[in-house]
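This is what each chain is made of:
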Amino acid sequence: MESINWSDLSFSYMKTDYNVRCYYRDGKWGELEVSSSEYVPIHMAATCLHYGQEAFEGLKAFRGVDGKVRIFRLDENAKRMQSSANCVLMAPVPEELFKQAVLKVVKLNERFIPPYGTGASLYIRPLLVGTGARVGVNPADEYMFLIFVTPVGPYFKAGFKPTNVAIMRGFDRAAPLGTGHVKVGGNYAASLRSGALAHENNYSAVLYLDAKEKKYLDECGPANFFLIKGNKYVTPASGSILPSITNKSIMQIAESLGLEVERRRIAVEELANFDEAGECGTAAVISPVGRIDDFDNPGVSYVFSHDGQPGKVCEKLYKTLRGIQYGEIEDKFGWNTILD
Ligand code: PLP
Ligand code: COI
């Protein structure tokens, strides 16, 4: 086995041994297949290539303190992929097939699950694409469901350290009645240009505003956004953001720790009233935000960390979430699926 420096992993692709695939043809899903190829043969007129008829998911498996492998909130990701599929008229993957496929691909690549204590995990990437040929803009009649896995470290190079983000008023990620609430590739294509500009200016991400009024906070390119004020956890309510499973989990953790949780529209100017800010998601986990700059209004900034350290509440939430995922803290919510 090639030697992997587990503690030094970044969030990038590494080849693993196997992926699993399943095909939808003639109105039904076939058998789950195992492949060791990194490539997919695909019709040149497939709808995923031309019209973005595709959706993906992201979840993680963790090697726990007790040596057991835990997969976090598998059922929630299965449901969200169905909601994405329905939104862009794809054949939804049955929940049981999704679960069976995740368990199988993790088991087959068990040697790539990072050891406990390295802070790394196995990222699981389910993908559903329209493979049927179309030239007119119509849904396909054939689909491929595929899952690959890859061991990953932190999404933001800093790890659990504050990074800066930028509000960029010249860009939108998702339209109010568009596809922002589901995990389809087009949302990410729409975020590439603003994301690149943000990175060129040393920001870890863009914090998007609502596309209609440019008044309220939506979310970041790859993660949801939250704020802390005293004992209160506040996160944007919006029809054009992805319903983050991490955020949903953090809200439950926050409540269990005695915090008050609010999901509501948050006007940009309100940023000045908060003590802490953070991004959250499967890849981002909880990433504290140090400062938010209003990129098009030089001099307008909101500072959350003065000493380069995460805030106390962010840290408590992070430790509790990680603790549950790594089996250090009792999973009283029943979020983990343990691999046999
Ligand atoms: N928002 C966007 C745009 C994302 O891509 C992600 C990542 O999946 C999230 C939020 C976080 O969602 P989750 O916590 O379910 O991973
Ligand atoms: C995730 O957190 O799983 C994501 O999909 C975010 C990003 C890598 C697109």
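This text goes with the structure placed above it.
Residues numbered from 1 in each chain as written. Chains lettered and ligands numbered in written order. Predicted model: local features only at pLDDT ≥ 70, side-chain atom pairs only at ≥ 80, totals over all residues. Heavy atoms only, no water.

A. A look at the overall build of the chain. From N to C terminus, the chain includes six helices and 18 strands. In terms of overall size, the chain behaves like a compact globule, its C-alpha atoms giving a radius of gyration of 20 Å where 340 residues would be expected to give roughly 20 Å. Dimensions along the principal axes, computed over C-alpha positions, put the chain at roughly 55 × 50 × 35 Å. In the chain, which comprises 340 residues, the share counted as buried stands at 52%. For the chain, long-range pairs separated by at least 24 residues make up 71% of all intrachain contacts whose partners lie at least 6 apart in sequence. (Helix = DSSP H or I, 4+ residues; strand = E, 2+ residues; numbered from the N terminus. Rg over C-alpha atoms; globule rule 2.2 N^0.38 Å. Buried < 20%, exposed > 50% of the residue type's maximum accessible area, 1.4 Å probe, protein only. Contact = heavy atoms within 4.5 Å.)

B. Spatial organisation of the site of ligand 1. Taken together, 16 residues surround ligand 1, and among them Tyr-188, Glu-219, Ser-244, Thr-246 and Thr-282 come closest. Measuring from an oxygen atom of ligand 1, one finds a side-chain N or O atom of Arg-80 at 2.7 Å. One nitrogen or oxygen atom from the side chain of Tyr-188 is found 2.5 Å from an oxygen atom belonging to ligand 1. Here ligand 1, which alone exposes 380 Å², has 97% of that area covered by the protein. If you list the elements that add at least two residues to the shell around ligand 1, you get α5 (245-256) and β15 (276-281). For the shell around ligand 1, the per-class residue count stands at six nonpolar, six polar and four charged. (Near = heavy atom within 4 Å. Polar contact = N/O pair within 3.5 Å; in protein donor to acceptor, adjacent residues only side chain to side chain. Areas by Shrake-Rupley, 256 points an atom, 1.4 Å probe, with all protein chains shown as cover. Nonpolar A, V, L, I, M, F, W, Y, C, P; charged D, E, K, R; others polar.)

C. Up close: the site of ligand 2. Phe-11, Phe-56, Gly-58, Tyr-123, Arg-125, Tyr-155, Lys-183, Tyr-188, Pro-222, Thr-282 and Ala-283 make up every residue found near ligand 2. At a separation of 2.8 Å, an oxygen atom of ligand 2 approaches a polar backbone atom of Ala-283. When ligand 2 is considered free in solution it has 280 Å² of accessible area, and contact with the protein chains removes 90% of it. Two domains each donate at least three residues to the shell around ligand 2, and these are domain 1 (6-152) and domain 2 (163-325). (Domains from an automatic or database assignment.)

D. Geometry of unusual backbone geometry. Residue Leu-89 is not a glycine yet carries a positive backbone phi of 55 degrees. Among the secondary structure elements, Leu-89 is positioned in the loop between α2 (74-87) and α3 (95-108). You will see that Lys-214, though not glycine, has its phi angle at about 55 degrees, which is positive. Among the secondary structure elements, Lys-214 is positioned in the loop between β10 (205-209) and β11 (217-220).

E. The arrangement of the packing of α2 against α3 in detail. Remark: α2 packs on α3, axes separated minimally by 9 Å, with the N-to-C direction vectors making an angle of 125 degrees. Here α3 runs oblique to α2, going by the angle between their axes. Here the hand of the crossing between α2 and α3 comes out right-handed. For the pair α2 and α3, contact is made by Leu-74, Asp-75, Asn-77, Ala-78, Lys-79, Met-81 and Gln-82 and by Glu-95, Phe-98, Lys-99, Val-102 and Leu-103, respectively. Classifying every residue of the contact of α2 with α3 by side-chain character gives six nonpolar, two polar and four charged. (Axes fitted to C-alpha atoms, helices over the stretch in contact; angles between N-to-C directions. Parallel < 35°, antiparallel > 145°, perpendicular 65-115°, else oblique. Left-handed = near helix turned anticlockwise from the far one by under 90°.)

F. Structural view of the side chain of Asn-19. Topologically, Asn-19 is positioned in strand β1 (residues 19-25). According to the relative accessible area criterion, Asn-19 is buried, its value standing at 8%. Of note is the side chain of Asn-19, whose polar atom sits 2.7 Å from the side chain of Arg-21. A distance of 2.7 Å separates a polar atom in the side chain of Asn-19 from the backbone oxygen of Ser-37. Apart from the residues lying within four places of it in its own chain, the contact partners of Asn-19 are Glu-33, Val-34, Ser-35, Ser-36, Ser-37, Val-105, Leu-146, Ile-147 and Phe-148.

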